[in-house]
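Now for the letters of each chain:
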Amino acid sequence: MDEGLMEKDARSILTVGAELGEGPVWSPRDSCLWFVDIKAPCVYRHDPATGALDRWDAPDHVGWILPADDGYWVAGLATGVHRFDPADGSFTLLNAVEDDLPRNRLNDAAIDPAGRIWFGTMDNDEANATGRFYRWQAGVVTPAPVAPIVITNGPAIAPDGRTAYLVDTLGLSIDAHPIDADGVIGEGRRFLTFDGQTGYPDGAICDAEGGVWVGFYGGWAARRFAPDGSMTAEVRFPVANITKIALGGEDGKTAYATTARQGLSADALADQPLAGNVFTFRVDVGAAPVTPVRLAT
């Protein structure tokens, strides 16, 4: 380990046993953590102040849930982008995505400071390179000029909105792409490459200093990388599959991590009884502000 690298352990705080926990996001307007189980499929809301955990079933695989500027939520289901109303649990289609690829689903997403959603799709069988990255802006879905891959993750958006970090999970790499003021994404540069010995890069987010937190599937850890690509923190878990991190809490320095049971054998599950739970740890650099999704121009 490099000198000065922060090392610590995460602890389980929510027993949900998710098949594929994903998409955690801290919501300042209700001081709650929202996340999904893609394969259940369902949406969760956790209130750390009371310990309450609410659940809504989704009609199809749900990759992410993000706050919208009208007080409701936007969710990425297999069929496209939906408006979600927690009051009645309804999902209303806003935009279909990839109707011509019925085996694809939406996988991971982030909001940029302009209120645009950046998200990816992927082959649900994790076999074919049919996954693409997209921008959703006020009801318009625009594909990013990036070659298709098998499993998209992220994007993580820098706090100034000028860079998108696109994760190629099976390709063991993360590329950094410039974003201009109009939301047009440019040609990327290689940001990080991994060898697979420490797991596969999964969901990613940026903190207030532009550091990139990455969960590692099969890697037993989450890691933070500075904008120059150097690793500055490693957090160890008692479970293998770490899918994504969210930063929140009163000071923005409480990290929450979703995990997954998917792909674990019976023996592995016996060795990892906490697999699929939500974990927490503290960080030194707080969260970048979460801008609600801007629904209209």
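Residues numbered from 1 in each chain as written. Predicted model: local features only at pLDDT ≥ 70, side-chain atom pairs only at ≥ 80, totals over all residues. Heavy atoms only, no water.

**Quick word on the pairing of strand S22 (residues 231–236)**
- Pairing geometry for strand S1 (residues 6–9) and S22, over four bridges, is parallel. Following the sheet pairing, Met6 is matched in S22 by Ala233.
- Pairing of strand S21 (residues 221–225) with S22, which is carried by five bridges, proceeds in the antiparallel orientation. Looking at S22, one finds that Ala222 is bridged to Val235.
- Linking S21 back to S22 in an antiparallel pair, the connection comprises five residues, with Gly229 at a positive phi of about 95°. (Pairing = 2+ DSSP bridges. Helix = DSSP H or I, 4+ residues; strand = E, 2+ residues; numbered from the N terminus.)

**Brief notes about the sheet that holds S1**
- Reading across the sheet, the five strands line up as S1-S22-S21-S20-S19 and stay open at both edges, with mixed pairing between neighbours. Two strands bound the open sheet, and with one partner strand each, they are S1 and strand S19 (200–206). Strand-to-strand twist across the sheet, computed as the mean angle between neighbouring axes with direction ignored, equals 20°. (Axes fitted to C-alpha atoms, helices over the stretch in contact; angles between N-to-C directions.)

**What about the side chain of Arg116?**
- With respect to the element layout, Arg116 can be found in the loop between strand S11 (104–111) and strand S12 (117–123).
- Polar side-chain contacts of Arg116 include one of 2.7 Å to the side chain of Asp112.
- Among all residues touching Arg116, those that are not within four sequence positions of it are Ala110, Ile111, Arg135, Trp136, Gln137, Ile179, Asp180, Ala181, Asp182 and Gly183. (Polar contact = N/O pair within 3.5 Å; in protein donor to acceptor, adjacent residues only side chain to side chain. Contact = heavy atoms within 4.5 Å.)

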